[in-house]
Amino acid sequence: AVMSILWVVVGYSLAATSGSDLIGGLDKMMLKGVGVESIADPENHTIPESVFVVFQMTFIIITPALIVGAFAERMKFSAVLIFTTIWAIGSYLPIWHMAWGGGLFSQFPDTLDFAGGTVVHINAGIAGLVVCIMLGKRKGYPTSSMAPHNVAYTVIGASLLWVGWFGFNAGSELAADGVAGYAMLVTQIATAAAVLAWIGIEWFRSGKPTAVGAATGAVAGLVAITPASGTTTVCGALVIGIAAGLICYVFATSIKRALGYDDSLDVFGVHGIGGIVGAILTGVFLREGLDGNVLSQIKS
């Protein structure tokens, strides 16, 4: 609710209008100028601007919710509201503008973030890591078992994410066309590959795969394919998914234990690292005729 109102009052304007390299202006505060007939980016798309506003509103809604998973059980509700509001204004909106609003990243040649690998997942993953370190560990961590209390709910939640992610990735084309269809295809491929990679390494290391591992691997694959979903190939999707499953597993288990931070739901290990893996590999695996630049991906 807070993010919805924030987006309407000032967020959309600061993100999507022209301004500096770091942030937009206030020309569309309270959605000024967004009418029944207005078109979002009329040079490239035909959808109503109102549809685009609502679609992007879902992104600002979900991104702070990701961060909350990193510090679950350690912050009062009032503090969550204050923190997420400040973070959305100070981090999410500038990164959105830099990546999609003609800001800083547009100065890097051929920078690609089709559906939010940088804007959503790296952004939230890094924030989650910083917050969970600053707040400290939960009582009993890591000596007490803190496994999910209901595996069935975990699988249901991951399944809803998997299906809903098609809306984020394919929908980011802002049209019902071949690019949207291909984005849907590679999203499914990468996610399935990440599940198999995660449970494969889990099976090898611990002797058995787990449903929670499969669910976490699915999210890792979904995250990693997000920036590449509009530009990658089928083979690229396979590699991105496998890389995300393996690398995110290592960060969510071995590296987290070695460094000792308490990231409750592995927001950094899955979203942060998965987003980084996907963003870099976006510049590697491109469909014929598309331009990409790995160095630009790393810089952004």
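Our subject is the structure that appears above.
Reference entry: report on the structure contained in this document.

Cut-off values and rules
- Residues numbered from 1 in each chain as written.
- Predicted model: local features only at pLDDT ≥ 70, side-chain atom pairs only at ≥ 80, totals over all residues.
- Heavy atoms only, no water.
- Axes fitted to C-alpha atoms, helices over the stretch in contact; angles between N-to-C directions.
- Helix = DSSP H or I, 4+ residues; strand = E, 2+ residues; numbered from the N terminus.
- Left-handed = near helix turned anticlockwise from the far one by under 90°.
- Contact = heavy atoms within 4.5 Å.
- Nonpolar A, V, L, I, M, F, W, Y, C, P; charged D, E, K, R; others polar.
- Expected span 1.5 Å × (residues − 1).
- Buried < 20%, exposed > 50% of the residue type's maximum accessible area, 1.4 Å probe, protein only.
- Phe/Tyr/Trp six-rings, centres within 6.5 Å; stacked < 30°, edge-to-face > 60°.

## Description of the packing of helix H8 (residues 234-259) against helix H9 (residues 267-282)
- Running from amino to carboxyl end, H8 crosses H9 at an angle of 145°, the nearest separation of the two axes being 9 Å. Where H8 crosses over H9, the two elements pack in a sense that is right-handed. Seen from H8, the contacting residues are Ile-240, Ala-243, Ala-244, Ile-247, Cys-248, Phe-251 and Ala-252; seen from H9, they are Phe-268, Gly-269, Val-270, Ile-273, Gly-274, Val-277 and Leu-281.
- Considered class by class, the residues forming the contact of H8 with H9 number 12 nonpolar, 2 polar and no charged.

## Overview of helix H4 (residues 117-135)
- When the terminal C-alpha atoms of H4 are compared, their 26 Å separation across 19 residues agrees well with the 27 Å that a helix rising 1.5 Å per residue should span.
- Of all the 19 residues making up H4, 14 are buried; the element is thus mostly covered by neighbouring parts of the structure.
- Count one or two residues on from H4 and you reach Gly-136, which has phi positive near 90°.

## Focus on the packing of aromatic side chains
- Applying the stated criterion across every chain, the model contains 14 aromatic pairs.
- Here Phe-59 and Phe-168 contribute two aromatic rings whose centre-to-centre distance is 4.7 Å and whose plane-to-plane angle is 85°, an arrangement assigned as edge-to-face. Taken together, the residues span a long stretch of sequence, with Phe-59 in helix H2 (residues 49-70) and Phe-168 in helix H5 (residues 151-171) at a distance of 109 residues.
- Exposure remark for Phe-59: the relative accessible area of 1% places this residue in the buried category.
- Under the relative-accessibility criterion, Phe-168 is labelled partly exposed at 24%.
- Taken together, the ring pairs connect Trp-7, Tyr-12, Phe-52, Phe-55, Phe-59, Trp-96, Trp-100 and Phe-168 into an aromatic cluster.

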